[in-house]
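Residue strings, one per chain:
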Amino acid sequence: MACANTWWSEENFLCSICLDVFNSPVTTACGHNFCRTCITPFWDEQVQYKCPVCNEIFHKRPDIQVNTFLSELAAQFRTTVRVKEQPCVEPAEVPCDVCTGTQQKAVKSCLMCFTSYCQTHLEPHQRVAGLKKHRLVEPMDRLEDRMCKKHDRLLELFCQTEQVCVCQFCTEGDHKSHPVVPLKEEYEVKTAQLGKTETDVQQMIQERKQKIKEIKDTVELSNKDADREIAHGGQVFAALIGCVEKGQEEFNQTVQEKLKSTVKRAEDLIKELEQEIEDLTDRSSEVKRLSHTEDHLQFLQTFRSLKDPPPTRDWTTVEVRPPSYIETLTRSLDQLEETLNMEMKKLRDAELKMVQQYEVDVTLDPDTAHPTLILSEDGKQVHYGDEEKELPDNPKRFTEYTFVLTRQSFSSGRFYFEVQVKDKTAWWLGVARESIDRKGKTEWTPETGYWTLYYEEDGLVFIDNPDVRLPLRAELQKVGVFVDYDEGLVSFYDVEARVHIYSATGCTFTEPLYPILDPWYHEEGRNSAPLIISPVNQTD
């Protein structure tokens, strides 16, 4: 690369205000030069206009013009300075340590002198006998970092024991018994490791990109599900509103018809009363006229015709009562309740079908079963035995309560399983965290790691503090258990009736969850039926 020199002094091209090379230079009447962008704000702040260098005062603000000649010289100087400052060494090359001013490219580095030389300054090493013995290598940058601080020798070996670079003398001292290899050999090993690391990192990156895609897909699916549910919910509520409006309309119509019937009856009675009043009024007039008749014959003949009064009704028992609308309203509400129950049944059925999609295949773990429990060979059934078996001590086994866990546990996502409870008078089931106490007595609450449902003849209970007593369900035959680990939800379902029993919400799960079963005691043979983990049948 060509290098340039210049005879111009940098001081001749510096503005005395900004101390930088002139930019659009102007000259004052006193002969001094400034950047136009410097002198203009300088004078804007002064009461008197004076030269910043010689302090000559001007009576009025000078009309300054750009000095074209000086501006061109400044531009040439600026270009020359840039050329001068450019090194004659490319960025990837090693500069000569001896060159002053413009540095040339080094062609060799001396491991004895710790210096890099260009072709010109390398000449003594090629001519002087003593220097010819020095070890010359390809140009190296920062030679001092490549030398052993203790022996001033090139670090050309690698100690595999201490994982550090060493020189030849080091292998005869502190690293004498350590395995060492040439730097190139270790470089190739480490490069291969880096290659594997890079592959692993790229795989991790791809896995995370895939996870991002999965999350985005889940969000997109959630948006679609939300839109679908909003639309479906809108239809359901619109139908319910339609039912309410129809029921209200029918109720209003029935009330109006009852009122109309009552009014018509009242009008008919009033009309009949008015007619009787008219007839009685006519008779009263006849009676008055006859009472004033002095003709005995006419009086007696007329009186005979007045013996029988006109036919009239006995009005003492006749009344008009306001119609009752309670029955009408009750009937309308009963119809509405029936419609709501039908819609709720459809929704509960859809809910159960949805959670049944997360069915998992679980089997009971005999290593956790209480010694009195008897498990089937396939691990799907458990019932209470008459005697406590002698079993080897196992830290996983329950020894105080008749519990058994499944082999499978769950630490994320959603899962669902069903347990047949048919013909049993008592049972206990749900999920429990891995760290529950299996040897001592403890409460079976969420605080101690249990989310469970308990059944006996006089009650169905979600065990909590306090317990949550639930309505007894007739002929409860199969219970479904659904868990959303991430949402902290545990729900129980009556599978045969396709009805939701209870949900524990806002749960905090921090460790694996296991399905847990307890068939309970025989109760003199009345509760001998087993608990059976059943396959899900969504067509039920």
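Residues numbered from 1 in each chain as written. Predicted model: local features only at pLDDT ≥ 70, side-chain atom pairs only at ≥ 80, totals over all residues. Heavy atoms only, no water.

A. Broad picture of the pairing of strand β16 (residues 450–456). Most of β16 sits inside the fold, with six of its seven residues counted as buried. Alignment of strand β15 (residues 426–433) against β16, held across seven bridges, turns out to be antiparallel. Its bridge partner being in β16, Ala-432 is matched across the sheet by Tyr-450. Strand direction decides the pairing type here: β16 and strand β17 (residues 459–462), joined by four bridges, are antiparallel. From the neighbouring strand, Glu-456 faces β17, where its bridge partner is Gly-459. Here β16 folds back onto β17 in antiparallel fashion, the turn holding two residues. (Buried < 20%, exposed > 50% of the residue type's maximum accessible area, 1.4 Å probe, protein only. Helix = DSSP H or I, 4+ residues; strand = E, 2+ residues; numbered from the N terminus. Pairing = 2+ DSSP bridges.)

B. Examining the packing of aromatic side chains more closely. Considering all chains together, one arrives at 21 aromatic pairs under this definition. Plain terms: the ring middles of Trp-428 and Trp-444 are 5.1 Å apart, the flat faces sit at 65 degrees to each other, and that makes the pair edge-to-face. Of this pair, Trp-428 sits in strand β15 while Trp-444 sits in the loop between β15 and β16; the two residues are 16 residues apart in sequence, bridging distant segments of the chain. Comparing Trp-428 with Trp-444, the two get one shared label, buried. Geometrically, the ring pair formed by Tyr-485 and Phe-509 is tilted, given 5.3 Å between the ring centres and 40 degrees between the ring planes. Within this pair, whereas Tyr-485 is found in the loop between β19 (478–484) and β20 (489–494), its partner Phe-509 is found in the loop between β21 (499–504) and β22 (513–518), the two being separated by 24 residues in sequence. Look at Tyr-485 and you get buried, because its relative accessible area is 9%. (Phe/Tyr/Trp six-rings, centres within 6.5 Å; stacked < 30°, edge-to-face > 60°.)

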